[in-house]
Structure formats: C-alpha cells, structure tokens
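These are the residues of each chain, in order.
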Amino acid sequence: MSIVTVQLGQCGNQIGHEVFSALCSDIRGTHGLCSKKENESYHDSCKERFFCEEESGVPVARAVLVDMEPKVISQTLSMAARSGHWKYNSHSHFCQKQGSGNNWANGYSVHGPRHKEAIMNLVQKEAEKCDRLGGFFTIMSMAGGTGSGLGAFVTQCLRDAFPASFILNHVIWPYGTGEVIVQNYNSVLTLSHLYQSSDALLVHENDVIHKICAQLMNIKQISFRDVNQVIAHQLGSVFQPAHTAGESSGYSRNPLGDLMETLVPHPEFKLLGLRNIPQMPESSLAYSTFSWPGLIKHLRQMLIANAKMEEGIDWQVRPPHPGSSIPTTNKPLHFNTSIANLVILRGKDVHGVDLGSFQDPSLYTSWLNPQDAFSAWKTPRAFNKYEKSASLVSNSQFLLKPLDSIVGKGWNMFASKAYLHQYTKFGIQEEDFLDCFTTLEQVISSYTNL
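What counts, and where the lines are drawn
Residues numbered from 1 in each chain as written. Predicted model: local features only at pLDDT ≥ 70, side-chain atom pairs only at ≥ 80, totals over all residues. Heavy atoms only, no water. Helix = DSSP H or I, 4+ residues; strand = E, 2+ residues; numbered from the N terminus. Rg over C-alpha atoms; globule rule 2.2 N^0.38 Å. Buried < 20%, exposed > 50% of the residue type's maximum accessible area, 1.4 Å probe, protein only. Contact = heavy atoms within 4.5 Å. Areas by Shrake-Rupley, 256 points an atom, 1.4 Å probe, with all protein chains shown as cover. Pairing = 2+ DSSP bridges. Axes fitted to C-alpha atoms, helices over the stretch in contact; angles between N-to-C directions. Domains from an automatic or database assignment. Buried area = accessible area lost by both parts, 1.4 Å probe. Salt bridge = Lys/Arg side-chain N within 4 Å of Asp/Glu carboxyl O. Polar contact = N/O pair within 3.5 Å; in protein donor to acceptor, adjacent residues only side chain to side chain.

(A) Fine view of the overall build of the chain. When helices and strands are counted, the chain shows 15 helices and 13 strands. A globule of 450 residues ought to have a C-alpha radius of gyration of about 22 Å, and the chain, at 21 Å, matches this closely. Across its three principal axes, the chain shows a C-alpha extent of roughly 65 × 60 × 45 Å. Within the span of the chain, comprising 450 residues, buried residues form 59% of the whole. Counting contacts in the chain only where the partners sit at least 6 residues apart, residues at least 24 apart contribute 81% of the total. Total accessible area on the chain is roughly 18,500 Å²; 51% of this is exposed by carbon and sulfur atoms.

(B) The arrangement of the sheet that holds strand β9 (residues 200-205) in detail. The strand order β6-β4-β1-β7-β8-β9-β10-β13-β11-β12 describes an open sheet built from 10 strands, whose pairing is mixed. Unpaired on one side and paired on the other, β6 (93-95) and β12 (374-379) mark the two borders of the sheet. Adjacent strand axes in the sheet meet at a mean angle of 20 degrees, parallel and antiparallel pairs treated alike. In this structure, strand β11 (residues 338-347) lies alongside β12, joined through 6 bridges in parallel fashion. Its bridge partner lying in β12, V343 is registered against A376. The strands that helix α2 (residues 36-50) touches are β1 (2-8), β11 and β12; relative to β1, the one it contacts most, it runs at about 50 degrees. Sheet strands in contact with helix α5 (residues 146-161) are β1, β4 (63-67), β7 (133-141) and β8 (166-173), and its direction is about 160 degrees off that of β7.

(C) The arrangement of the domain arrangement of the chain in detail. By domain assignment, the chain separates into domain 1 (2-272), domain 2 (282-400) and domain 3 (401-449). Across the contact, 43 residues belong to domain 1 and 31 residues belong to domain 2. Between domain 1 and domain 2, the buried area comes to about 3,300 Å², and carbon and sulfur atoms account for 65% of it. At the boundary of domain 1 and domain 2, one finds 2 salt bridges. With a closest N to O distance of 3.9 Å, K308 and E205 form a salt bridge. Inspection of the region where domain 1 meets domain 2 yields 10 residue pairs in polar contact (both at pLDDT 80 or more). Secondary structure elements with two or more residues in the side of domain 1 that touches domain 2: α1 (9-28), α2, β9, α7 (206-216), α8 (224-239), α9 (255-263) and β10 (271-277).

Below you can see the structure in the form of structure tokens.
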C-alpha cells in the first residue's frame, strides 16, 4: 500500500526531502546482506510505498509540498531533481508569498480556509495515483506558524476527506530554549488539535537530535541539515519494509495500519517516541561490530530509563517487581511505563534474536496483556550501511516531561495574557486556548497514571 506524504512549512519540507533521500539511497545501496530475491521484494515494496514510476524511470515521491513562502519549496524541488535518483512531481506543491509570521492562528484561521481547496486538490490527485492508499504521513514543526497552524488545519481536512485512511503526524518538538517567543502557545494549539484528528503523533525532539549529532555523530558545527538527516535516518528505519509477525512471505502491506494496530490501543494515548541504535558517523562503521544481545540490552534499558540515545543510559533503573503490592505512586523513580512497544530489527541473523526481555509484564501498564503490548518486525535486509540495526517505536511516558513543561510555560504566559492579542485578531479566542490546555492536561494525567 502507498503512503502520501504531506510536507508542511519550512521544517516539514526540509525533513521530507531528507526522508526521501534516505529511502532512495537505502534502496540503491548494494549493502543488502541478503538474498537477491529478498532485496528485490524490499526494493519493490519501498517503491510502492513512497514513489511512483515515471516513463523516464526516475522515481517520483508521493508527496505534496505546502508552504506559505516560496523559497524553501523551490530549493527542495531543485535539490531533489539535481540528485538524479528521485524527484518531486513538479505540480504537487503549493506556496504563497507572505508566510505565517510564526503565528499559529494565522496559519490555522487565515491561510488554512483560504487555500483549503487548492491544497486538498493536490492531495486528492496524489491519493488517486495510488493503487491502494494506506494513509497519510504529515511532517511539520510545532513552533512556527505554517507547519503548526496550517498543519493542524490540513490534518483536519484530511480526516474529513478520507475518514477511513490512517493519518500519522510526524511532529518536531521545539528546542527547550526556543527560537520563537510564542512557541509554547503554538505547540499547545498544535498538539491539542492534532489529538482530535490524527491517529497517532510521532514526535522528535530537536534537543535530543542535537545531542545525537554532537555526541554520537561527532559533528562540530551542527546545522539544521545534520539534525534533519538523523531524523530521516530514524524514520527510514521504521518505514522501510519489514516482515510483521503474521506475514512470513511478503513484506507488511500497510505500514501505517500495522503501526497503529500495534501501538495505539486506545484513543487517549497517541504519542509515539522513536529510538534507533546504533548511530555513528559513516567513517566509524567499518571499525564497529555489534551483537544482537548487546543491541537489545541497550535498547531495553533506553526504554525503561527513558534514555534518548545509547550513550549515558542510567543502568540503575529497574522495572518494579511483579506482584509487589506497592501502590503505583511509589513506582521506582524515573521508570518509564509503556502501553505498547514495537521493535524493528534489520540486518543479518535477525531471525534468531531473543526479544523476551521486551515481553516482561512489569514494563507495561496493567490493563493490557504483555503479549498484545509488544510486537516485533524483522528483515534480513540491512538498512543504510548498518550491518545490524534496531529501532524502537514506543507508546509510553517518553514525552511526559517535555509535554508538562510546554503546557506549564504556555499556561504561565496565558495567565498574564502575554501576546494573546496576536491570536485574537485572527479569531482564536481565550476560550479556544482554555479548551486546548484542558485537552493536554487530560493527556498528561492519562499518561501519568499508567
């Protein structure tokens, strides 16, 4: 099944470009470490998901690019075309001249309704090109105006126009120190609106990716492109084809559907975090060897200690003992409780890997059977030059702290009515803010009580 990607705003378009580049360089690579037949079916499956073929033989991304200013889109289109390996459809983009000025209300209440028809027509055209539409993957940031405000509006339109399709929003969480003074407002408004119309939100935190670039990739002067390439690598490690448990023969047919089915058992819990190991500069790969038990051990500890990367994990954190009658309020400090986890393994000898440690009932909330809460996908085909790699997509308390922090900061500004006039002039009233705070307080409370 095919996925239509909708790239929104500067951040969404720049990351989208890196994602398609990463997918393309992965399928062009000869580093499959697997049989020719396996490699071919992987190749075909990826093409069907993310690209459509043109007569010229150059794969065309199944994507719609939207921004309120032209610069980034024109750069993105020409960079893709220059690569010679893939390109965007020259008609699948929409841009204007004026930008949204980092104002969520401007993107949501002004640009959204004004350009709804043009944007949705492009989406409809891309959807019609798919033999089988699996759903939509939107990429956006929360801090600015276009990605966040217009992104939330477009997500609602997608939900109305395609009620039976899956929608996964990939959201970039702003730097804690922040580039935009009103980023907490924009984030609160974005998250609460997406919570109403999306099936799941897959979140990357800028601060975390920045750390990975500095500490694991050893990059001295970190640019947005470096950050985006790490994000794209992590997304590729999830969305490239893999065998789900029930399908021994072909690759998973509907990646978005399979992802939701395994990770979102209840509409109150939609926040997904992503971890991927190992990550290192390409130059170091030749000198590194990894064993599956070592990777799995690290990934499991990253999960329970809520570590963002494989360096600096707190190995003291242990799951609570099963059967202990300690009330949940006295849970071991820093222990990260999960609702559901998905581990994706790629590379050689994947089929013999023991994942029993992820099925430990003490990792999960009490209302789900651990057998239902954990899934694994595997493929012997290696990903992006890594002989062995493991990814974890987790619906757990990963984002509780950052969410609490953003809501807290936003509320403090709201209580003193700071900058509210910039939103009210575009029709977002104080009651709208209060509704959004209430929605997110409920989400925080649900995740806290796991």
